[in-house]
Amino acid sequence: MTRGQFELLPGIMTPTTGFNGSYLGPTVRVREGQNLPITYRNKLSEAVAVHGHGLHVPGELDGGPQRAIEPDGSWSLELPIRQQASTSWYHPHTHRKSGPQTYNGLAGMIIIDDENSDDLPIPKTYGVDDIPVIIQDRRFDDLGRLDYSIEDSEDGMIGDTIITNGVANASRRVPAGLVRLRLLNGANARYFRLRFDDNRVFHKIATDGGFLEEPVPIRELVMSPGERNEVVVDFSDGNPAMLVSGPRIQAVDDERRRDEGNGRRRNREFGRLGDRLEILQFTVDSELPAIRESLPRQLNSIMRPIVQSGWPVRRFDLFMKNNRRTGVFGVFQHNTEMSMGINRQSMDMRVINERVRLGEWERWVINSFDGSHPFHVHGCSFLVVSQNERPVAAEDAGWKDTVRVDDSAEIIVRFDHKATDEFPYMYHCHILEHEDRGMMGQFTVA
Ligand code: C2O
Ligand code: CU
Ligand code: CU
């Protein structure tokens with residue numbers, strides 16, 4: 001992790017940080033069954049913890065806040081990769097500093113391959129028809145330098161400029177055939193409602209933790225911070241297309257109006273999707289080798305267990321307000337800075353909030369009382385049962401580790417690795433400013 005300068009805006013250098021470079025980091029590609037050796041070296045002037053988001057590894061290898069690497073220090077580890085083909089990522093998880101450290105450029109993608117992903121007739125040539133797309137938003141001051149100043153701490157750090165794979169106004173030449181995009185919402189706080197400017201149909205093939213059972217045709221998808229989705233887009237017509245976000249669609253307005261009656265401020269983040277944002281311009285280059293086959297009918301088989309009434313149930317209530325009715329009564333209560341929390345507790349490194357049994361299915365019920373929050377769980381992939389009282393949609397019925405909670409969500413989860421009191425796992429809101437303000441808890445698996 002080093003300091004550098006990077007041209008996020010054309011022609012303007014801004015101070016940044018990155019892994020092995022000035023901004024973002026290398027894509028790490030590894031196979032299921034391999035052990036992945038990594039050494040993190042911290043050449044910055046503050047401590048950084050680095051977490052592998054989406055990896056099923058024991059708590060001691062998870063890179064939570066307990067694993068902060070001091071300036072000039074390093075951490076060498078070997079990650080046993082024992083999970084199916086999927087797209088994960090790595091980013092800072094430093095106590096109360098994940099927001100600014102990620103914002104300045106510390107993040108990268110991790111791609112896991114397996115026999116299934118090798119065999120599927122889908123695009124898989126990295127950088128040609130299999131393209132990582134790390135979407136972030138940033139704000140700049142008058143001199144064009146990165147600006148991390150939060151006006152509304154409930155919203156988190158929202159920028160007005162889209163940075164895709166480290167550049168504004170990103171564009172990409174693609175072959176005249178199927179193109180696979182590994183989409184990562186790497187923004188601190190912004191939700192994206194992604195679609196193409198010509199409203200073309202494309203297929204969602206994977207969620208956070210692996211392939212869907214079958215490709216799901218869609219015209220748009222909402223992604224909250226931390227989520228990954230893989231999609232396949234057909235460019236065989238040779239037409240250019242722009243990946244855009246927003247604008248807000250009418251149905252959301254209607255939904256919000258309907259919900260105003262029941263006292264919850266729902267879909268807050270949806271409201272902030274606002275105007276059209278340009279994410280990535282695609283142009284077609286017929287010289288590039290193209291895959292023209294149609295997508296396979298089956299991509300994966302997902303063993304979805306039947307929910308048993310005897311499974312332990314845990315509830316997680318997400319709060320942003322420090323007040324008596326809904327409030328957070330944790331360690332930051334005395335603090336003038338706004339505190340946020342889960343189950344009336346603000347994150348406290350000295351407190352283990354939950355103790356989970358190894359290898360047993362559980363139901364986790366998450367409720368939001370103030371706006372929409374992406375709820376993320378370390379050390380696992382889970383299955384969504386319902387979102388906002390509706391059964392999970394086909395496009396989200398795959399393995400996930402981050403679920404959008406506009407109102408409520410229920411997931412089923414099982415942990416196959418241990419996490420100790422010394423190195424517990426975390427669950428938290430992936431709006432990084434909410435995480436930094438305490439909307440996070442710790443749990444052990446034993
Ligand atoms: Cu992507 Cu706990 O983080
Ligand atoms: Cu994580
Ligand atoms: Cu949140």
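Quick note: structure is the one above.
**A few points about the overall build of the protein chain**
At step 1: For the protein chain, the count of helices and strands is 5 helices and 30 strands.
At step 2: When the 446 residues of the protein chain are sorted by exposure, 59% land in the buried category.
At step 3: In the protein chain, the proportion of contacts linking residues at least 24 apart, taken out of those at least 6 apart, comes to 76%.
At step 4: Approximately 17,700 Å² of the protein chain is accessible, and the part contributed by carbon and sulfur atoms is 46%.

**Examining the coordination of the copper ion (ligand 2)**
At step 1: Surrounding the copper ion (ligand 2) are the protein donor atoms His51 (NE2) and His376 (NE2), at 1.9 Å. Residue His51 is found in strand 5 (residues 50-53), and its partner His376 is found in strand 24 (residues 373-377); the two are separated by 325 residues along the sequence.
At step 2: A relative accessible area of 1% means that His51 is categorised as buried.
At step 3: Owing to a relative accessible area of 1%, His376 belongs among the buried residues under this scheme.

**A look at the side chain of Asp208**
At step 1: Looking at the secondary structure, you find Asp208 in the loop between strand 14 (202-207) and strand 15 (210-218).
At step 2: Exposure remark for Asp208: the relative accessible area of 0% places this residue in the buried category.
At step 3: Of the polar contacts made by the side chain of Asp208, one reaches the backbone nitrogen of Thr402; its length is 3.2 Å.
At step 4: Not counting residues within four places of it along the chain, the set of residues in contact with Asp208 comprises Ser86, Thr87, Gly226, Glu227, Arg228, Trp399, Lys400, Asp401 and Thr402.

**Some remarks on the coordination of the copper ion (ligand 3)**
At step 1: Taken together, His373 (ND1), Cys429 (SG) and His434 (ND1) make up the protein donors of the copper ion (ligand 3), found 1.9 to 2.1 Å from the metal.
At step 2: Motif for the copper ion (ligand 3), donor spacing along one chain: H-x55-C-x4-H. With a gap of 56 residues between them, His373 in strand 24 and Cys429 in strand 29 (residues 425-429) connect regions that are remote in the sequence.
At step 3: Take Cys429: its relative accessible area is 1%, and that puts it in the buried class.

**Details of the nonpolar core**
At step 1: Judged by nonpolar contacts, the single largest core of 32 residues is most densely connected at Trp364, Phe375, Val377, Val403, Phe415 and Phe443.
At step 2: Contributions of two or more residues to this core are made by strand 20 (313-319), strand 23 (362-368), strand 24, strand 25 (382-387), strand 27 (402-405), strand 28 (408-413), strand 29 and strand 30 (440-445).
At step 3: If you look at the next biggest cluster of nonpolar residues, it comprises 28 residues, including Ile131, Ile162, Phe196 and Phe282.

**So, the pattern of salt bridges**
At step 1: The final tally for this structure, using the stated rule, is 29 salt bridges.
At step 2: Notably, a salt bridge pairs Lys43 with Asp72, separated by 3.8 Å at the nearest N-O pair. Of this pair, Lys43 sits in the loop between strand 4 (35-41) and strand 5 while Asp72 sits in the loop between strand 5 and strand 6 (74-80); the two residues are 29 residues apart in sequence, bridging distant segments of the chain.
At step 3: Under the relative-accessibility criterion, Asp72 is labelled exposed at 66%.
At step 4: For Arg200, the salt bridge goes to Asp237, with nearest N and O atoms at 4.0 Å. Remark: Asp237 occurs in the loop between strand 17 (228-234) and strand 18 (241-245) and Arg200 occurs in the loop between strand 13 (192-196) and strand 14; sequence separation between them is 37 residues.
At step 5: Judged by relative accessible area, Arg200 falls into the buried class, the value being 10%.
At step 6: Each of Asp208, Glu227, Arg228, Lys400 and Asp401 takes part in a single network of salt bridges with overlapping partners.

**Some details on the packing of aromatic side chains**
At step 1: In total, this model carries 21 aromatic pairs according to the counting rule given.
At step 2: An angle of 85° between the planes, with centres 5.2 Å apart, marks the rings of Phe196 and Phe202 as edge-to-face.
At step 3: With a centroid separation of 4.7 Å and an interplanar angle of 40°, the aromatic rings of Phe316 and Trp364 are classed as tilted. Of the two residues, Phe316 is situated in strand 20 and Trp364 in strand 23; the sequence distance between them amounts to 48 residues. Trp364 shares its class with Phe316; the two are buried.

Here is what the cut-offs are and how they apply
- Residues numbered from 1 in each chain as written.
- Chains lettered and ligands numbered in written order.
- Predicted model: local features only at pLDDT ≥ 70, side-chain atom pairs only at ≥ 80, totals over all residues.
- Heavy atoms only, no water.
- Helix = DSSP H or I, 4+ residues; strand = E, 2+ residues; numbered from the N terminus.
- Buried < 20%, exposed > 50% of the residue type's maximum accessible area, 1.4 Å probe, protein only.
- Contact = heavy atoms within 4.5 Å.
- Areas by Shrake-Rupley, 256 points an atom, 1.4 Å probe, with all protein chains shown as cover.
- Donors = N, O, S within 2.8 Å, 3.2 Å for Na, K, Ca; no water.
- Polar contact = N/O pair within 3.5 Å; in protein donor to acceptor, adjacent residues only side chain to side chain.
- Core = buried A, V, L, I, M, F, W, Y, C linked by side-chain atoms within 4.5 Å.
- Salt bridge = Lys/Arg side-chain N within 4 Å of Asp/Glu carboxyl O.
- Phe/Tyr/Trp six-rings, centres within 6.5 Å; stacked < 30°, edge-to-face > 60°.

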